[in-house]
Amino acid sequence: MVAGDQSDPADVLIIGGGPAGYVCALRAAQNGRSVTLIERSRLGGVCLNEGCIPSKQLAAFAAAKAGAERMAAAGMPAFAGAPDMIAFQKGRGATILTLVKGVAALLEAAGVKTVTGNAWFVGRTRLCVEVGEESVRYFDFKDVVIATGSSAAPMEGLPFDDDRVVEPARALEWRFLPETLLVAGDDYVALELAVAYARLGSRVTLVTKSMRLLPDFDPDISAAAQRGAKAIGIDVLLSEDPAARANGAERVIVSAERRPNLDHLQLAAAGIAPAASHLIVDDHLRINRHVFAIGDVTVGLPLAHRAMAQGRVVGDILGGKPAAMDVHAVPRAVFAEPEIAAAGSTEAAARDVGVEVDVGRFPLAALGRAVAQSATSGFAKLVFARQSGILIGAHLAGPRATELIAEMALAIEMGATAEDIALTVHAHPTFAESLMEAAEVALGRPIHVRLPKR
Amino acid sequence: MPRYEFRLPDIGEGLAEAEVAKWLVAVGDRVAEDQAVVEMLTDKASVELPAPGAGVVLEQRAAEGDVVKTGSVLYVLESDAQIGVAKPVDETAREQSPKTIGATLPEAAGVLAPPAVRKLARELGLDLSGVKGTGPGGRISTEDVQRHGAGAVARPRVAAAAPGGSRVRLRGVQRRMAETMTLSARTIPHVTGFHELDAGDFAQLVTKLRRTAQERGSRFPFDTLLVRAAALGLRQHPILNASLDEERGEIVMHDDVNVGVATATTDGLIVPVVKKADELALDDLALEVERVTAAAREGKSALTDLQGGTFTISNIGAWRGGLGTSLIRPPEVAIVAFGKIEDRAVVREGRVVVRPVMPMSVTFDHRLIDGEQGLKFALTLRSLIEDPSQLAK
């Protein structure tokens, strides 16, 4: 036997320790499987280390400043001086460390073995992991889960140089505020970064070739996002090539598509057909009987909570449970000005599949709490199937929309109707009342707005 | 090159779904027009679906063993051919579709049930589209699912523990058998009567007819006369050739007498149906029994030969079986089983004699058929088999 041929048995092998992989590992271990988790870099993946978590920390930091400024007219003293980005970065590092350690502790407590290194398939049931320089380990697995995530891709004409032109993750690490910042992109990542840096004091231009921001959201949402961005001083340029505008800016953030990390996996060695881009899985997240794929490598929105949901499903399937990815509404949350959130179907998408809808739209300008807080920009727009009255989509713009969407996702999953939402008492005065009011608009009996003339 | 979504066509008699038995080509493979791409298991037959045009298979949207609804996408084909049935995939529409923006329309899915209820259905192996929701707007509750699943065979919960031993996915004929028999045991109050038939003349007649057939180079299946006996008996007792429409509170009396013949195959039980068994001449009946049972044994049954049964016979004797009870195949209301003919000591005219005896069990649905009706049918069968001259007419 050749020395390098020695291998370790692995009951369940998970490649990738991001939100998909570590959640799957914990659930599979809960279900009695013996799990080995391979991570090439840091547990928690993009989400925890350079995505969701640190970007929310930046957004909260910037929103605190914006909130105080909004209250200036009400008597709050004005902000003096620029935010201390070095202090912010220290805090950001500490947050990540706390959470990564937390994940590691959970995995350890669950008996999950973690191995650090790059991995690739060398056979249908065998994986090779590069655990050090010129040192590899082989694992023979029963079941394998591909959860290697995705990476930011550059935009045409705007290659990353890791200094001036960067991917979004790098922009979360700046220890300074760029004087002028160009953000290229139309998605939530671009919008969030543009809003955060504009609030902190950068002069921000947001440029996209698209005709609207957040083009895969409801058009009203796109309009609210654009109004909000302009209101905080962002120069929004639509239908323009970002590459042509990038020259003057001190820093450029490029948020284009995310590409699944599959190149180094040698999928062919495992007998898996090469994918054009993303892996195609069934409702059980299977590629074949013993190979699963979850998270950003699969077709769908590259969102951590979708990945985590998939991880739980596969963890249950690996435990022999009849689980399936059977979700009606994956919520989306955008931490911009105003906050934006959506779940379920848009009006247009419902009509495309032949579902007639009733729409209830309630403006925050009619909501006591919003007026009291000088935050009247925004709305709740709920889409109901006309025949059954059930909620099929919710599109929110305004303070705390990212939290309010949870109620709407639950309502969609439960099959709640406009009546259900309208008859549920919502605390006063809260932004959540806007949901109840929007349902009453759809039912044709709003209290705090006049019914639009039909 | 344009992409085409190949959707599962209706492959017979309004079937709502079919199971992917086997992918015959892999993703990335080039296929010729009419080349078989996938083998589907329907009711109990398997059907190969040909490619609508030449091209490359880009995506398989279902895995082997998955049950796919009629009209849903099976695979995506990249093809230059003019394909009539397939609809081009509009890439932008797909990007914007509810699925890709992270949602499926519960409306469009046709099933309204909260997540916990959907989970329970998965655990019970129930398809929610078959569950009647009693909540507002047809909403399905936990109770609805439990009611639907009540009486279902309690599944051993080995799944919850760490899996040991090997597992074989329940599919095809076996899955169908599990579903039908569960439904039968759950919904039908079965009553069974046992009878012992003097089969001396019957056995002689079968032997004679077999020899005649052999001389002509054909076969005369033993079951032929049993099918005929059942068909004649059903004509006299039409209530056993009926169905119960519970929803409308009606008894459906069937015009045709279509007798299913339970047939063992390596995959499990299959019941091919001899249509209008009462109207066929004996020779034609023999040919038809031979045709449908042979096809079933080879797993090549046409879908139409597996549907439309109004009654079933089960010849357990063919496998040297004694006698047992049978489960009625809904929506049928009766089934008769025959055991092996064996010499027994019986009393005739006060003396113990040795006679060939065939045991028979008649099982009927007591919702529709009372004890007297069931017994009268059994007695008719007895007289037909003990005096088989009527069968050979």
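What counts and how
Residues numbered from 1 in each chain as written. Chains lettered and ligands numbered in written order. Predicted model: local features only at pLDDT ≥ 70, side-chain atom pairs only at ≥ 80, totals over all residues. Helix = DSSP H or I, 4+ residues; strand = E, 2+ residues; numbered from the N terminus. Buried ≥ 20, exposed ≤ 12 C-beta atoms within 10 Å, placed from the backbone. Contact = placed C-beta atoms within 7 Å. Core = buried A, V, L, I, M, F, W, Y, C linked by C-beta atoms within 7 Å. Domains from an automatic or database assignment. pLDDT = per-residue confidence, 0-100. Pairing = 2+ DSSP bridges. Axes fitted to C-alpha atoms, helices over the stretch in contact; angles between N-to-C directions.

1. Looking at the overall build of chain B
- The secondary structure content of chain B amounts to nine helices and 20 strands.
- Counting over 393 residues, chain B shows a buried share of 35%.
- Taking the contacts inside chain B whose residues are at least 6 apart along the sequence as the reference set, 63% of them involve residues at least 24 apart.

2. Observations regarding unusual backbone geometry
Residues and elements named next belong to chain A.
- Cis rather than trans, the peptide bond between Glu-337 and Pro-338 has omega equal to -5°.
- Along the polypeptide, Pro-338 turns up in the loop between strand E16 (332-334) and strand E17 (340-344).
- The linkage connecting His-428 with the following residue, Pro-429, adopts the cis geometry, with an omega of -5°.
- Mapped onto the fold, Pro-429 is located in the loop between helix H13 (418-423) and helix H14 (433-442).
- Located in the positive-phi region is Leu-285, a residue other than glycine, with phi close to 60°.
- By secondary structure assignment, the location of Leu-285 is in the loop between strand E13 (258-260) and strand E14 (286-288).
- Owing to 26 C-beta atoms within 10 Å, Leu-285 belongs among the buried residues under this scheme.

3. Some thoughts on the nonpolar core
Residue and element names in this part refer to chain A.
- Of all hydrophobic cores here, the largest spans 102 residues; its most connected members are Leu-191, Ala-194, Leu-391 and Ile-405.
- No other element matches the eleven residues that helix H6 (residues 188-200) contributes to this core.
- Residue-level mapping places this core at the junction of two domains, with at least three residues from each of domain 2 (165-256) and domain 3 (332-442).
- Those residues within four positions of Ile-405 in sequence are excluded, and the remaining contacts are Pro-331, Ala-333, Ala-341, Ala-342, Ala-343, Ala-394 and Leu-396.
- Core analysis: the second largest hydrophobic core is formed by 58 residues, Leu-13, Val-145, Ile-272 and Leu-285 among them.

4. Here's the deal with the confidence of the model for chain B
Residues and elements named next belong to chain B.
- In this model, chain B carries an average pLDDT of 81, and 85% of its residues clear a pLDDT of 70 or more.
- When pLDDT is averaged over each element of chain B, strand E13 (residues 259-261) comes out on top at 95 and helix H1 (residues 91-96) at the bottom at 37.
- Ignoring residues within four places in sequence, the model shows residues 151-162, a span with pLDDT below 50, making twelve contacts including any to other chains.
- Interface predicted TM-score (ipTM) for the complex: 0.75; the corresponding pTM is 0.62.

5. Structural notes on the sheet that holds strand E18 (residues 357-363) of chain A
Residue and element names in this part refer to chain A.
- The strand order across the open sheet built from five strands is E16-E17-E20-E19-E18, with neighbouring strands paired in antiparallel fashion. Here the strands that pair on one side only, and so sit at the sheet edges, are E16 and E18. The average angle at which neighbouring strand axes cross in this sheet is 10°, direction not considered.
- Sheet topology note: the E16/E17 ladder contains three bridges and is antiparallel. The partner of Arg-332 across the bridge, within E17, is Ala-342.

6. Things to note about the sheet that holds strand E9 (residues 180-184) of chain A
All names here are of chain A.
- Spatial ordering of the open sheet is given by E8-E12-E9-E10-E11, a layout of five strands whose pairing is parallel. This sheet does not close on itself; its edge strands, each paired only once, are strand E8 (165-166) and strand E11 (235-237).
- Here strand E10 (residues 203-207) pairs with E11 via three bridges, running parallel. Note on E11: the bridge partner recorded for Leu-206 is Val-236.

7. A closer look at the environment of B:Gly309
Residue and element names in this part refer to chain B.
- Tracing the backbone shows Gly-309 in the loop between helix H8 (282-297) and strand E17 (311-315).
- For the pair Gly-309 and Pro-272, spaced 37 residues apart in the sequence, the C-alpha separation amounts to 8.2 Å.
- Ignoring any residue separated from it by four or fewer positions in sequence, one finds Gly-309 in contact with Asn-258, Gly-260, Val-271, Val-273, Arg-329 and Glu-332.

8. Some details on the environment of A:Arg137
All names here are of chain A.
- As for its placement among the helices and strands, Arg-137 is situated in strand E6 (residues 135-146).
- When the 18 C-beta atoms within 10 Å are taken as the criterion, Arg-137 is described as partly exposed.
- When sequence neighbours within four positions are dropped, the list of residues in contact with Arg-137 reads Asp-8, Val-129 and Val-131.

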